[in-house]
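# Close look at the chain arrangement
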Amino acid sequence: MVDMKKLAGEKAAEYVKDGMILGLGTGSTAYHMVNAVGELVRKGYHLQAIPTSNATEKQARELGIPLLTIDEVDHIDLDIDGVDEIDPEFNAIKGGGGALYREKVVATLAKEVIWIMDESKLVDHIGAFHLPIEVAKYGSKQAFEKMDAYGWKPVMRERDGKLFVTDNGNYIIDLHLGAGFDIQDVKEKVSGIVGVLEHGLFLNFCKRIIVGKSNGEVMIKENPNPAK
């Protein structure tokens, strides 16, 4: 059986050049990319990296990848990360792993962004996958009620029977909007809710996507008009 995520992750590492400062994404596809970056370091590449989660930081340390904190850099050369869904206009939903805030900080600092995925993440309209919203614990009930009033079908994320807490110490509210929701309307309204720290809409961030396919091929699609 073809490991589509591994195909995409390893292909993305081919864009890494010696001397780069990298953003290392979080999730099952990014895991393979981080392993590939570790192999480059083993081969003698001089790289430094910013992990987007505690899990990625642990993996990178075990592989011997030199790490920096976000406060030690004023730019990132290349950020490589996965997505939960992406449409033909390169609008993506991220945050299924709960790292959306750090992922967005890193992606915003990056000169170039690559999203990696298996072919199931390609959709005509985003929204079938829930939209994660990171909220402060204090006031989370009021933020939830506001989202509910908008008709967004919010659900407090749980893990092992307890409320999920991000690496930043916050909660996540997952919005079940359905495919084809009004992206700009939701973005504007959610950004105006007190207590919201970040949302999982990553709109036209990437320069390219790399997709592992079930037939063993890798598809690379360039974004003709990236926002960055």
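Residues numbered from 1 in each chain as written. Predicted model: local features only at pLDDT ≥ 70, side-chain atom pairs only at ≥ 80, totals over all residues. Heavy atoms only, no water.

## A short note on unusual backbone geometry
- In this model, Lys153 sits at a positive phi of 50 degrees, which is unusual for a non-glycine residue.
- Its location among the elements puts Lys153 in the loop between α5 (140–149) and β8 (154–156).
- In this model, Asn204 sits at a positive phi of 55 degrees, which is unusual for a non-glycine residue.
- Residue placement: Asn204 occurs in the loop between β13 (201–203) and β14 (208–212).
- Judged by relative accessible area, which is 19%, Asn204 ranks as buried. (Helix = DSSP H or I, 4+ residues; strand = E, 2+ residues; numbered from the N terminus. Buried < 20%, exposed > 50% of the residue type's maximum accessible area, 1.4 Å probe, protein only.)

## Side note on the packing of helix α1 (residues 4–12) against helix α2 (residues 28–42)
- Close contact between α1 and α2 brings their axes to 7 Å; oriented N to C, the two are set at 45 degrees. Between α1 and α2, the angle falls in the class oblique. Of the two possible hands of crossing, α1 and α2 adopt the one that is right-handed. Side by side, α1 and α2 meet where Lys5, Lys6, Ala8, Gly9 and Glu10 of the first sit next to Ser28, Thr29, His32, Met33 and Ala36 of the second.
- Within the contact of α1 with α2, the residues separate by chemical class into three nonpolar, four polar and three charged. (Axes fitted to C-alpha atoms, helices over the stretch in contact; angles between N-to-C directions. Parallel < 35°, antiparallel > 145°, perpendicular 65-115°, else oblique. Left-handed = near helix turned anticlockwise from the far one by under 90°. Contact = heavy atoms within 4.5 Å. Nonpolar A, V, L, I, M, F, W, Y, C, P; charged D, E, K, R; others polar.)

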